[in-house]
Structure formats: structure tokens, C-alpha cells
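# Per-entry structural report
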Amino acid sequence: MIRHRPFGSGHPYSVDTEQRSPIDPVAGEPLTLGVRVTPDVDAVTLQWDDGASIIELALDRTQRRSRGQAVDGGHLASAQARLARAARGFSVTLPADDARLTAGSAARYRFVGGPAVAPSSQRTRWFEVRIAGWRAAPDSAVAADAGAGLVPGTVEVLDDGERVRRVRFALALAAGEHVAGFGERFDALDHRGASLDSVVFEQYKSQGAERKTYLPMPFAHVVGGRGWGFHVRTSRRVWFDIGESAPDRLVIEAEVDSPSGASGVIDVGGYAGTPHAVLDAFLAEVGRPEQLPDWVLRLWASGNEWNTQAEVMRQADAHREHGIPIGSIVIEAWSDESTFHVWRDAQYTPRADGGPMRLADFTFPAEGAWPDPKGMIDELHARDIALLLWQIPLIKLRPHPRGQTRHDADTAVREGVLIREPGPDGRLRPYRNRGWWFPLGLMPDLTDERAAQWWTEKRRYLVDELGIDGFKTDGGEHAWGRELQYLDGRRGDEANNTFPVAYAKAYGDLLRRAGKAPVTFARAGFTGSQAHGAVWAGDENSTWEAFRWSLFAGLTATASGILYWGWDIAGFSGEIPSAELYLRSMAAAAFVPIMQYHSEFNHHRQPSRDRTPWNIAERTGDERVLPGVRRIVALRERLVPHLSAETAWAIGQGTSLMRPLFFDWPDDERLWNQPLQWMLGRSILISPVTTEGATSHTATLPAGEWVHAFSGESVAGGGTHTTEVPLDEVPVYVRAADWPRLHEIFRS
């Protein structure tokens, strides 16, 4: 077998052996063409037909390149790499000066090979290709608002003679301007002097080091100078060189798909004014958040090993016994891990038509994992605890599906509700997940209203009859490949980034149909996610570095209009955090919109890696943990009414509840030197301790009169303020004018 996939797997940061690279060949750049073969193939030849003649080039053996951990750091990658080693690769590279790579020319190619005894016995089909070239284009090729600051004469397009594939242009950057936003970014607040892109990607841990994100947006504030912001109005991939190559220019390169010679191949919005005004104008275009119930503002509790009714209730009891109230529990491992809409151990007759079930269709054996889900949920509600259930937007096909999963898969194909991809013969077939998580699963097209309703109605009994309060909409990053076909006719290059937005919306719509608030909790997103539920920062280790990365993620996400944001307090993966890291993180989390802890599955090995306060206390032996968390959570409970009021204010003003200090003091250069500080509403400033071993902390305060919330000390703004900081306390400053009405929140 000889396999060539021109577009590869669709992994945005890795080139697969069997793909074409670059996917769109460019005149003046080398072109590599590769194949993957079975062990019986000893040699492969490229046949290149330019319409006048066919030339043949021998391919060289090449090390098999996969989407393994050495390439992208993704989890489950080692298993993927082991599978890949069973295959072998060949490739050939046409040099940059090859005469065949002439802009505007067309060709077709295929691969021929086989074992030594029959070297031409196997062949691929012919693949069509056009060679593109960069050329100067008129400024009208970019439809830029006047406020975007397009630099005249900088527009170039990558044109293959029929279609424009990319556009490149520059916006002017003035001295002293800072550039912040771009969705959720883990490595910095100000990205001037760096380069990044906007593509949804599952980066498992170390997002700050890898500089990849689950939730990008082609939007940013430009702070200082004239004060403005911009939005590249596209869902395709965009690259940003933010003054890295030329300090006075922000160079933007974007994927497009327009006829050669077209004008306005990309649209760029420009917004003038303060960061508040810029964000308000952006949200007016892409969608505004809506206020969620106040329980969302209380502590969330979760652990992936809470996978039985008995364990969930044991943890709920422990919260009550330790005096640490919670507003919600998230159960991740509740389902059969196959249908993802049936409780594990439930007994039922599968529906061959793949239709939605009702509660009456199930019996729950007393010896099962969930003997009485309705009773459990009712009891949690009686304790004022909401419940969310985990979801994944895939139909699992490995191992081979049986029972209801088989019926769901067959029905999804029959009803035409799946994302599709071209097969080897060019005909469309259901897309099979190319990511590491649930590989080869089917993916419903949740961007299509009919498909989304088909999918979510299978979960309706969970809301209507059991009364759950929301969904953790995990794993929205699995649409890989620009050649994917969505039901509305869009290809993957245009639609893949929008999938996680539609995913959260679909579940929010389900909750609305059942008369509930649209509480979803998503990891992935894109432009438009602002209007749909809450977001957490994804998977991370329990380290101080990850703590800082998570706070950068929160500040950039909220600067981009994500209102309900949080992270896994002190990390969720690996060995438990130290007592110091746990308490410092918990204290900071009390002053972000979503306060939640969570822990990764650890196969129930002992000692436990749960991130519950009592497990951290027991494992570390630190007697300060439980009373410290009790004090922090009690403060958060007192804070909820204020947060609710400030959330309403933020939504009404088109701004964020949690936001970097540049929103309110855009001209204070000092504040950029201490970027991990933020406002929470109009009155409260937080300056967290993020350094191990610190016993004191210096905050950089903007102008105004402030009160240190835990001491009551009056502090003049415009300078710095140093305080001793207990482990269960975060430096918090309240505007002096608001202190009389807020001081009770901070009483011990």
C-alpha cells in the first residue's frame, strides 16, 4: 500500500510524512511530497505531469513523522507514535528553484512503487495541484476599517492563477503601544515583539511553553498611543507578527479563498477608544455574554475519579462536614463511556432507530455505579448544589461499537448529521477523528441546527427528567483538516474553528428548551464563545509556572470578552500541589469569575491525587490547609452578591468582570511591569502571590485612593505597596470610596 494525503492529518503544527508541504505549493519555496507505505514496498517513484511531459523522480526513505509528543507535546501521543512506527515513509523534495514550481502553473502527480520484484505494481490516484506565488496587490484587497491603521502598499496575496489562498498586510504600530488579547493566551499579557496564530488546538499541558491555545481569537487591543483595537473578521487561520520582524508594524497573514483579482478578500475591523470601548464594539459584532445563575459564582468541585453515586455523595458530605460550601459538582465519569448519554451500569433495551430515550426506559440496579441518579440529584439540589455532567462531541468507534452506540452511529450516518471528509476515491464519507482522544470517532456537525438538535435531544432526559443544571462541554478541538465538509457547505479551513462555539451553543440551547439557564463549561472556543456559558483554561500540571500561565490565560481571555472564566485551582494533573501552591491558588481563585478545583484520573491508585482540601491536607500534613480553605471559601460566599451585581454591570457596559488593569488605566506604563494583576468589577483590585516561598508581596497600584482589604489600611495609589501575606490570603485592594459598603465582605 502506498498512501498520500495532500492535506495530511490537519495537525496545525506538524507535517505528516504522507502529506504535501506546503499544502499550497509556493513558487520560490521547496515542495516536499511524501508517502507512507506498508512493509512490502521497497521503492517509490513520483510521476509529475505538467501537461507537456511526465517526469519521474525517485523518493528517498524517510523517518516516519507522526503527531507524537516530540512534535507537539500532546497527551496520548506515545500510543499514537507506537502505531505510526509500524508504517514507513518515503519523500522527495523539489528545490525552490525548480522550474516546475512556476506561479500560476498547474500539474498533476501520483506515486508508483512496490517490492523489488514488482517495482511498479502499486500506485496512487492522480492528484491535482496548482502553484501559487506571492504578488503585490492593491490596498482594496483588504477591506479594512479606517481605525485599523492599514499601512498603504503592504498588501500581498498568494495567488495560484485561479484562487487567492492567503493575504498578507501590515497595520501600523506606534512607539509605546502594547498589544493584548488574541483570545486565551498562556505566555504573556503584552504580545508586542512576538508572533502567534489563531487556530483551535488541544495542547495538553505546558500551554505557556508551547504557546498554543484551546481558545484563540483574531482580535486584540492596542493600548497606549491613540488607543484602538482590531478584529480580523474570519474563522480561518491567521498569523500575527506583532512587531517581531519590524517594530513599527503588526504584520498579519490570513488564509482566504477568493477568485484571483477579487477585492476585499479579508475584512478587518478597527475600533477606537479605551479598552472598554474597544471591547464593547467587538462584542456588538460577535455576541455578548448573558448573566448566569448565582450558583455559578460559588465554588465548583470535581474529580475525575468521582465515578460512582456513592463517591459523589461522599465528597458532598465531606464538604458539608468540613464547613466548605460548594455551589456545584461536575461529574466527568458518569456515562457508559460509549454513548455518553447513558449512565454507566444502567439497564435498557437499545433503540435501533437511534432516537432519544426517556428516564422510564432505564432501570438502575442497586449494585450498579449509579443506583438512583434522580435521588442523588434531588438530594444535591436540596443541599443547594447544582450538578453538571461531562460531554464529548464524538461517537466512539473503538473498540468496535455495540448496542446503543452502534445504533447511534448507524443513525447518524443515515440521517446525515455528521461532518464528512473526502475518501481515497474522492467521494465524501464520515469524518473519523484524527486527534489523540477517542481516535476514529464520528463527529456530529453541531454547527448545523438539525444535527445539533438530533444530538442534544438524546440528552434531554438528563435535563427534563433528572434535573441536571449544566454540561461540561469538553473536547471541542477534534475537527482537523481543511478538507472536511460541513453540512452548510463550508470546508474545514473555514468551519473547524467555529465548531467549539457551536458545541457550547447547542448544549445551551438544550438547557433553554428545558427551561434552564444555558450553563456550559467549555475548554475550547473561538470568536463568538463570549455568548455561550463559561470557560476553563484546560489541562495543566500542579506547578508554580502553570499557575502563572493560567493567570495569563484568564487575563487575555477576559480581555477578549470571555466573562465567566476559571482554571483548575493549583492544576489538575500529576502529583498533588504543595500546600503553599494550593492555598495561594485557592486564594487567587476566590477573585476570578469561576472558582473550581478538579483532578485527573489516576486509576484509583493510592495515595489519592484528588485536589479536595482534605486530601491536600492529609497528603501534605499541613494543618493550615483546611482552615485556610474554609476561610477563603467563606469569603467567596460573602462575595457572591457583589459579584452578581458587578456581572450585571459588566454585561450592561460591554466589558469584562475580571480584566487587566490596562482597561481602566491605559496610560499607566508602570502597570505593564506587573501584568498579573486585575480588577474584579469596578471596586476590587487583586495582586496575587505567584512566587514560591514568598511571605511578603509588593503590588503596583494605579492612581487613586485604596484600602488594603484585609488590614483596613488606607493606601495612596500611583506607587507600590508591600505587605506580609499569609498563605490563605491574596493581596486585595478596594477603592476607598467603595470601602464602606464592601468592608463586611472581608471580615475574618
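Attention in this report is confined to the structure presented alongside it.

Conventions and cut-offs
- Residues numbered from 1 in each chain as written.
- Predicted model: local features only at pLDDT ≥ 70, side-chain atom pairs only at ≥ 80, totals over all residues.
- Heavy atoms only, no water.
- Salt bridge = Lys/Arg side-chain N within 4 Å of Asp/Glu carboxyl O.
- Helix = DSSP H or I, 4+ residues; strand = E, 2+ residues; numbered from the N terminus.
- Buried < 20%, exposed > 50% of the residue type's maximum accessible area, 1.4 Å probe, protein only.
- Contact = heavy atoms within 4.5 Å.
- Pairing = 2+ DSSP bridges.
- Axes fitted to C-alpha atoms, helices over the stretch in contact; angles between N-to-C directions.
- Phe/Tyr/Trp six-rings, centres within 6.5 Å; stacked < 30°, edge-to-face > 60°.
- Parallel < 35°, antiparallel > 145°, perpendicular 65-115°, else oblique.
- Nonpolar A, V, L, I, M, F, W, Y, C, P; charged D, E, K, R; others polar.
- Lys, Arg positive; Asp, Glu negative; His and termini not counted.
- Polar contact = N/O pair within 3.5 Å; in protein donor to acceptor, adjacent residues only side chain to side chain.

Further remarks concern the pattern of salt bridges. For the structure shown, the criterion picks out 61 salt bridges. One salt bridge in this structure joins E162 and R130, with 3.4 Å as the shortest N-O distance. A residue pair is termed long-range when its members are at least 10 positions apart, and E162 in the loop between β13 (156-159) and β14 (163-172) and R130 in strand β10 (residues 127-130) qualify at 32 residues. Among the ionic pairs, D493 bridges to R236, the shortest N-O distance being 3.5 Å.

Looking now at the side chain of T411. Locating T411 in the fold gives a position in helix α7 (residues 403-415). With relative accessibility at 1%, the residue T411 sits in the buried group. Setting aside residues no more than four positions away along its own chain, T411 makes contact with A352, D353, G354 and W454.

Before going further, it helps to examine the sheet that holds strand β31 (residues 594-597). Read once around its circumference, the closed barrel built from eight strands follows the order β22-β23-β24-β27-β28-β29-β30-β31, with strand pairing classed as parallel. Each neighbouring strand pair of the sheet contributes to a mean axis angle of 25 degrees, computed without reference to strand direction. Of the pairings in the sheet, the one linking strand β28 (residues 520-522) to strand β29 (residues 534-536) comprises two bridges and is parallel in character. Bridging across to β29, A522 finds its partner in V535.

So, on to the packing of aromatic side chains. Inspection of the entire model under this criterion finds 38 aromatic pairs. Seen in terms of ring centroids, F230 and F240 are 6.1 Å apart; in terms of plane orientation they differ by 45 degrees. Their pairing is tilted. One end of the pair, F230, is in strand β18 (residues 228-232); the other, F240, is in strand β19 (residues 238-242), with 10 residues separating them in the sequence. Like F240, F230 is buried. With 5.2 Å between their ring centres and 35 degrees between their planes, F521 and W536 make a pair best called tilted. Placement of F521 in strand β28 and of W536 in strand β29 is noted, with a sequence separation of 15 residues between them.

Here we come to the packing of helix α13 (residues 579-589) against helix α15 (residues 625-653). The N-to-C vectors of α13 and α15 enclose an angle of 5 degrees; their axes lie 9 Å apart at closest approach. Taken together, the axes of α13 and α15 lie roughly parallel to each other. Of α15, the residues touching α13 (which contributes A579, Y582, L583, M586, A587 and A589) are V625, G628, V629, I632 and R636. Considering only residue class, the contact of α13 with α15 consists of nine nonpolar, one polar and one charged.

What follows covers the side chain of R611. By the element assignment, R611 lies in the loop between β31 and α14 (613-620). Lacking a salt bridge, the buried R611 has E575 as its closest oppositely charged neighbour, with an N-O distance of 6.2 Å. Here the side chain of R611 touches S542 through a polar contact of 2.8 Å, side chain to side chain. Looking at R611, its side chain comes within polar contact range of the main-chain oxygen of S573, at 3.2 Å.

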